[in-house]
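A structural walkthrough
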Amino acid sequence: MSESIHFFAVQITLLAIVLVLHTYLGLHVIRRTLIFSDLVLDQLAAFGALVGIGLAIRYGSPGSYLMSLAAVLLGALLLAVLNPRNPMIPREAIIGVLYAMALVASLLMGDKLSGGGAYVTKTLAGSMLWVSWPIVGVTAAVYVVLLIFHFVYRRQFIALAEGTGRPRQEKLWDFLFFTTQGVITVLIVPVAGVLLAYAFLMIPAAIAAMFTKRWGLGVLVGWGLGLAACLIGLSLSYFHDLPYGPTLILSLGAFFAAALVVRVAVPQS
Amino acid sequence: MLHFVELLGLPFLVCVAMTAVLGYLGIHVLSREIVFVDIALAQIVAVGAIGAHLAFGVEGHSLLTYVASLALALGAAAFYALARRKVLQISQEAVIGVSYAIAAATALFLIGIAPGGHVHTQHMLAGSILWASWTDLLLCVVVFGAVGICFSVLRHPFQRISRDYDGAVRDGMKVVAWDFLFYALLGVVITFAVRIGGVVVVFAFLIIPATVSALFTGHVGKRLLITWGAGTLGALLGLLFAHRLDFSVGPAVALFLGVELALAGLWRRSSPSLAGAVAVVVSVGYVALLVAAPSPHGVSRSAPGVSAPPPTDVATAETAPAASDPSAELLPGSNERVTTASELAALFERTPDPETRRDIVLRALDVEPRCGAQLALRYLQGDPPLFFRQGVIDGLGEPLDWDVMQPFAASVNAEAAERLREKHRLDALPPPCQ
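A look at the overall build of chain B
Assigned secondary structure in chain B consists of 19 helices and 0 strands. When burial is assessed residue by residue, chain B has 48% of its 434 residues classed as buried. Considering only intrachain contacts with a sequence separation of at least 6, the fraction spanning at least 24 residues in chain B is 70%.

With respect to the overall build of chain A
Within chain A, the secondary structure is distributed over 10 helices and 0 strands. Every one of the 269 residues in chain A was classed for burial, and the buried ones make up 55%. Residue pairs at least 24 apart in sequence account for 71% of intrachain contacts in chain A once pairs closer than 6 positions are excluded.

Some points on the nonpolar core
Counting residues in hydrophobic clusters, the biggest one holds 197 residues, and the most contacted among them are A:Ala206, B:Ala101, B:Val189, B:Val202, B:Ala204 and B:Val253. With 26 residues, the single largest contributor to this core is helix H8 (residues 170–211) of chain A. Not counting the four nearest positions on each side in its chain, B:Ala204 is found in contact with A:Ala100, B:Val253, B:Ala254 and B:Leu257. Listed in part, the 22 residues of the second largest apolar core include B:Ala341, B:Ala345, B:Leu362 and B:Leu365.

Overview of the packing of helix H11 (residues 220–245) of chain B against helix H12 (residues 249–269) of chain B
Residues and elements named next belong to chain B. Orientation of H11 relative to H12, taken along the N-to-C sense of each, is 130°, at an axis distance of 7 Å. Comparing their axes, H12 and H11 come out oblique. For the pair H11 and H12, the crossing hand works out as right-handed. Facing H11, whose interface residues are Ala230, Leu233, Gly234, Ala235, Leu237, Gly238, Leu239, Phe241 and Ala242, H12 presents Val249, Ala252, Val253, Leu255, Phe256, Leu257 and Glu260. When grouped by side-chain class, the residues that make up the contact of H11 with H12 number 13 nonpolar, 2 polar and 1 charged.

Section: the environment of B:Phe151
Residues and elements named next belong to chain B. Among the structural elements, Phe151 can be located in helix H6 (residues 134–153). Phe151 gets classed as buried once you count the C-beta atoms within 10 Å, which come to 20. For the pair formed by Phe151 and Ala76, sequence separation is 75 residues and the distance between their alpha carbons is 20 Å.

Describing the confidence of the model for chain B
Confidence along chain B averages 76 in pLDDT terms, with 79% of residues attaining 70 or more. Counting interchain partners and residues more than four positions distant, the pLDDT-below-50 stretch residues 297–336 of chain B has 58 contacts.

The rules behind the values
- Residues numbered from 1 in each chain as written.
- Chains lettered and ligands numbered in written order.
- Predicted model: local features only at pLDDT ≥ 70, side-chain atom pairs only at ≥ 80, totals over all residues.
- Helix = DSSP H or I, 4+ residues; strand = E, 2+ residues; numbered from the N terminus.
- Buried ≥ 20, exposed ≤ 12 C-beta atoms within 10 Å, placed from the backbone.
- Contact = placed C-beta atoms within 7 Å.
- Core = buried A, V, L, I, M, F, W, Y, C linked by C-beta atoms within 7 Å.
- Axes fitted to C-alpha atoms, helices over the stretch in contact; angles between N-to-C directions.
- Parallel < 35°, antiparallel > 145°, perpendicular 65-115°, else oblique.
- Left-handed = near helix turned anticlockwise from the far one by under 90°.
- Nonpolar A, V, L, I, M, F, W, Y, C, P; charged D, E, K, R; others polar.
- pLDDT = per-residue confidence, 0-100.

See the structure below:
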């Protein structure tokens, strides 16, 4: 019994920490319609880890994290720099192509690794069951630093999102934004997998964005509903022995569907 | 040479059929800023196929699979058309993005509760163009042709809505109905294309050639020509590359489409001469790689794989690199291919590393299931790390009710092991690995 209490304590602590920053960044991503950007970074983190496996660096070791970080920084740079001026090409298309290329690179790597197919699946699905207190500690420390950074410079980032009074050196702020996203990606993808990391970012923020335009309130609503959905998913997964990541995402998805129904039934004045 | 044409001709024609219709749709998708839609629809279609497989045990290309996939795609089309009109607080792309996450999670959820999951994942993403048959091609031509005719007849309203949604609403067009039709036709194309090509290649065909053409011109006719040219070229380069160097075809085709876009972007955004120089370097490198590559092995269209169901194809494709590339870690001290069950069993005894041992067990399961089951039990007895354990349990491919979180000695697993022993009659003579 104490084992399952311990399990839940670790999980809930991590989820609560992760969701704050993810919801906030997610609000940015949704406002700016850069939906794919997170998938690009997630997939690149996975690709970095796969390359690491190719170089005999054990999955989940510090070396593997460094490989992921390098891949993600490259991705953040590309995301910030590649901004088409052509009105016929939405920025999202370029981001989509980057995502496809990251995925393609991972699949081609998987072809040449023994048991590569299993690794590709693993990086998609993650295994949060491995979460331990040290991981929670490191994640919490990094998240707090990033939260402070984002709080201090919130004006610049919000200006980017709302398109009012663009900050000077727009590309630099873009790069910093994607780098933050990348750093949390590197931390979260080995435990949560590509899809769950993406869902943490997108779904709570999407729910919040449907109900409020204010940033602070949005983070609060997204965090609260997201955490509630994750707790339900976590319990279902644990007690009914269902796949961890997918169950959490489906639970978040159910909240999103409910929010859609509410929004359509009660149109905003 | 003839062998080449025989092996790659059909996949190439399938790619051409795909680029013809997907390229055109891509131009619409770009102007509607719904880049995600195809990945989301493809994922939803895959959920239908996996669901049909789990519920009715049908294989990849059966009628029931298509019906299940199409039904889900139509449901999604209705949802997107309504959401575009009714959900005003967040962009259509965000709704599509969330629906993608949910569909992908559903697919993984279904796979996770089914055995042999990762084979499905790999197949869903990478596809199996190499194994396309004449029936596939015919199906593609008929379906894509029909959709193409619909689009050319209805091109005016579609283009109107693609360009200016709010204007169309003001003019009293029935946008929800038109949008439903648009997404439904897209869904039909994607259902068929993904079954053959996989998610990645379909996405690449949809987005990349259309983006390349937008770099050069705004005229629809010229854009179509550039789109089709870029798609065909990418398919050709990717097929040759994958064939010579033994990679999955789908990702390779997508890779070269990406290379084309990078070069086209360089051409338009910086200087043509720089782009030209890079293009020359890339093509010289490409040709050198093709020439220098060892001749391909193992894959032959005359093998039963031609019409075999996709999961089997993938199993072959997945094990092919391992078999052809006798990696040092798999065969310490020797460069020969280990093919028989007894050789694998002997190698298993000699190998200490849990990862290599897992690969040996998986190989043995392919070669000789009884021997594989025995090795799997011996392997699991040692309680290897969780992920390796999971790989072997997946590889057994049977609903054993094994609890991967518990050690081997736990009662639930002891019972599962007993079931496996009975099934393969492992206690009966002769020993299976001889």
